[in-house]
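Structural features, examined
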Amino acid sequence: LLEALAEGKNPKTIKWTPQRQNFARKQWNAEVVICTYDKRCHSVVDLIFSHSPATMPVEGLNISHAQYFEEKKNIKLQYPNAPPLVAIQGRNNSTVYLPAELVCGNELEPKVKQQLPMIASFKPPERHA
C-alpha cells in the first residue's frame, strides 16, 4: 500500500499535503486490504498521516510500532519513518495500526477489471467427466 500511495516516489521523502491525504483516504477508506505477513484481510478504517511506525507507540507496551514489528514479529521495516499508518478494525471494536508497507490492496487493476467479463465468458471446448 505504501508504494501505491507514494506513486513511484521515495516513501521516505514524500510530502503528504492535505489534498494528497484526502485523496488517499477517499481511495482506501473502507477498502479491504491484505496484511502481507499473515495474509489476513482487514477493512481500512483510516490512514494516519500524523505518525509513522517509528513515532506511533503501541498502547500498553511502551514501544513504537516499528519496534513492535521488529521485536515481536521479527519484521524489520524498510520505511519505519514513512507515514501513513493504516488503521484497521481489530477485536472488540478496537483500532489496530499497521505500517502501510506491510499492507497491500485487494483489488484488481482497473484494466484487468474491465477485461474480466470477456475473460470469464470463455467456454472450454469440451469438458471431461
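Everything here concerns the structure above.
Residues numbered from 1 in each chain as written. Predicted model: local features only at pLDDT ≥ 70, side-chain atom pairs only at ≥ 80, totals over all residues. Heavy atoms only, no water.

**So, helix α3 (residues 65-72)**
Residues His65, Ala66 and Phe69 constitute the buried set of α3. Along α3, the residues classed as buried sweep out an arc of 110° about the axis, all on the same side. Projecting away from the buried face of α3 at angles above 90 degrees are the exposed residues Glu71 and Lys72. (Buried < 20%, exposed > 50% of the residue type's maximum accessible area, 1.4 Å probe, protein only. Helix = DSSP H or I, 4+ residues; strand = E, 2+ residues; numbered from the N terminus. Arc of directions from axis to C-beta.)

**Re the pattern of salt bridges**
The full count for this structure, using the stated rule, is four salt bridges. Arg20 is the salt-bridge partner of Glu7, the closest N and O atoms lying 3.4 Å from each other. Of the two residues, Glu7 is situated in the loop between α1 (2-6) and α2 (18-28) and Arg20 in helix α2; the sequence distance between them amounts to 13 residues. When its relative accessible area of 23% is taken as the criterion, Arg20 is described as partly exposed. (Salt bridge = Lys/Arg side-chain N within 4 Å of Asp/Glu carboxyl O.)

**Comments concerning the side chain of Ser52**
As for its position among the elements, Ser52 is in the loop between β2 (41-48) and α3. Among all residues touching Ser52, those that are not within four sequence positions of it are Pro80, Asn81, Ala82, Pro83 and Leu85. (Contact = heavy atoms within 4.5 Å.)

**Let's talk about α2**
Looking at α2, one finds that the buried residues are Gln21, Ala24 and Trp28. Angularly, the buried residues of α2 cover 65° about the axis, an arc narrow enough to put them on a single face. In α2, those exposed residues whose orientation departs by more than 90 degrees from the buried face are Pro18, Gln19, Phe23 and Lys26. The inward-facing, buried residues of α2 abut α1, β1 (32-35), β2 and β5 (103-105). Positive backbone phi, at 75°, marks Ala30, one or two positions downstream of α2.

Don't take any of this as a statement about function, it's just geometry.
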